[in-house]
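Residues per chain are reported as follows:
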Amino acid sequence: MSNQLLHTPEGVRDIYSEECERKHLLEDKIHRTFKSYGYHPIQTPTFEFFDIFGKEIGTTPSKDLYKFFDREGNTLVLRPDITPSIARCASKYYMEDAIPIRFCYTGNTFINNSSYQGLLKETTQSGAELIGDGSVEADAELIALTVQVLLNAGLKEFQVSVGHADFLKGLFENAHLGETVENEIRELLLNRNFYGVEEIVSQVGLNDDLTYLFGLLKDAMLTKEKLLEAKEKAGNYPKIFHALERLEQLEDLLRIYRVEQYVFYEMAMVSELNYYTGVIFSAYTFGSGNAVVKGGRYDRLLESFGKSAPAIGFAIVIDQLMNALRRQNICIPFENKTKWFVYREEKHAEVIRDAIILRNRGENVELMPVTETNTVETYERYAQQFHIQDIIYYI
């Protein structure tokens, strides 16, 4: 047998044994949290037409997509992101609905990252989407839900960084920097190179208020007081002013939810997903070099599919969250309640009858026949390895 048959391609991995059990337990816990907020499960296809994730939608660059063709020659892609699929689905089945719609999901996504990035190419995401509500109350609900999910997962120390897409757009509109310089600044912000941004801004010759507002980009933990001060400086710049005002209103609501201690405001937040239009946020914790949650408002995305409706949502990267929990020594409680029936061949009929009774009661039973190779001692040794608590012998 070729050695290659035993290995997975670069960027994907097998998840098995207790790790897989704990992953499913974590996903179940997250799903229950979503349900407690009134979010309803939805499943969309693993692959879609290319246009669902095309450049016009503002999602993942084409070079990072896994593309293939169907029998009719249509270009299909493995989904890199689940939000556009849900936007398509909501537009198709809820076109005339005016009330808010809440969805939640768990599924795998696929991005053909460069091998130099060291990232998985297939990851599991769990997310929530609130469609049809453009209010700041909806923003607060999603951020409060993010905090609750992370607390229920077992994290104690984490930070939700919140920004607003219109803050940077407003700076660019009023500074008249040109597209090339704007793209350079976006790239610097994605790489957290605030000194590079400061150097560019210092060469432009902006007025004091705009210079001050650009300076906020390097502050990753803005307080409400600083937001209020910035709002005074933004009086002549409506887009920037309204973005800051929205964050001020959001802060007041998060205090009602009693989650404000986990939330910090960061005006430099830039997403690689271009469909975000308002509040954007990410959650970080120890043990994960990347965000464990990413989300934001996408009020114009559904228009691409024919429905005019505001929306906001977020996705938890389950793999990143699992890594963080493990590195923080936070154990996802798992108890193997499967019973092993260890039996000799002549007891087979009795074992099956007893197993049926227990399974009908909701218990888990695994049948383990004694052979020359698999002796009682062999099973007892493996039972310790697999943390089997109950062995019933039919010897």
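Worth saying up front: this structure is predicted, and the values here are computed from it rather than measured. Numbers given to residues run from 1 along each chain, matching the order in which its sequence is written. Totals for whole chains, interfaces and linings use all residues, but because this is a predicted model, local features are given only for residues with pLDDT of at least 70 and pairs of side-chain atoms are given and counted only at 80 or more. Only hydrogens and water are removed before side-chain values are computed, so all heavy atoms of the structure are retained for them.

A.B. asks: Just checking my understanding: could you explain the sheet that holds strand E3 (residues 67-69) for this structure?
C.D. replies: Pairing between the strands of a sheet is mediated by backbone hydrogen bonds and can be parallel or antiparallel. Strands were regarded as paired on the criterion that DSSP finds at least two bridges between them. Starting at the N terminus, helices and strands are each numbered in turn, a helix being any DSSP run of H or I of at least four residues and a strand any DSSP run of E of at least two. Spatial strand order, E2-E4-E3: three strands in an open sheet with antiparallel pairing. Only two strands of the sheet have a single neighbouring strand rather than two, namely strand E2 (47-49) and E3. Mean inter-strand twist for the sheet, computed between neighbouring axes without regard to direction, equals 40°. Here E3 runs beside strand E4 (residues 75-78); their pairing, made up of three bridges, is antiparallel. Note that in E4 the partner of Lys67 across the bridge is Val77. Lines are fitted to the C-alpha atoms to define the axes, a helix being fitted only along its stretch in contact, and any angle between axes, read from their N-to-C directions, falls within 0 to 180 degrees.

A.B. asks: Is there a simple way to think about the pattern of salt bridges in this case?
C.D. replies: Any two side chains of opposite charge can pair, on the condition that their charged atoms come close. The salt bridge criterion pairs a side-chain nitrogen of Lys or Arg with a carboxyl oxygen of Asp or Glu, the two atoms within 4 Å. Inspection of the entire model under this criterion finds 17 salt bridges. Note that Arg22 and Glu18 form a salt bridge whose closest N and O atoms lie 3.0 Å from each other. Linking Arg22 with Glu18, this pair stays in helix H1 (residues 17-36), spanning four residues, or about one helical turn. Each residue gets one of three labels from its accessible area relative to the maximum for its type: buried under 20%, exposed over 50%, partly exposed in between, using a 1.4 Å probe on protein chains only. On the accessibility criterion, Arg22 (19% relative accessible area) is buried. Salt-bridge contacts for Arg88 lead to Glu48; the nearest nitrogen and oxygen are separated by 3.0 Å. One end of the pair, Arg88, is in helix H2 (residues 83-93); the other, Glu48, is in strand E2, and 40 residues separate them in sequence. Taken together, the shared-partner salt bridges connect Asp139, Arg246, Arg297 and Asp299 into one network.

A.B. asks: Where do I start with the side chain of Glu182 in this structure?
C.D. replies: Within the fold, Glu182 resides in helix H5 (residues 179-190). Notably, Glu182 is buried but unbridged: the nearest opposite-charge side chain belongs to Arg186, and the N-O separation is 4.4 Å. Counted charges follow a simple rule, with Lys and Arg positive, Asp and Glu negative, and His plus the chain ends left uncounted.

A.B. asks: Teacher, can you tell me more about the nonpolar core here?
C.D. replies: Taken as a class, soluble globular proteins show a tendency for nonpolar side chains to be buried jointly. Here the nonpolar core consists of buried residues drawn from Ala, Val, Leu, Ile, Met, Phe, Trp, Tyr and Cys, with membership extended through side-chain atoms lying within 4.5 Å. Of all hydrophobic cores here, the largest spans 73 residues; its most connected members are Phe34, Val162, Phe167, Leu217, Leu250, Tyr265 and Met267. Per-element tally for this core: the top contributor is helix H3 (residues 136-153), with eleven residues. Residues contacting Leu250, with those up to four places away along its chain left out, are Val136, Asp139, Ala140, Ile143, Val162, Tyr265 and Val279. In this structure, Ile57, Cys89, Ala90 and Ala315 belong to the second largest nonpolar core, which totals 26 residues. Contact definition: two residues touch when any of their heavy atoms are within 4.5 Å.

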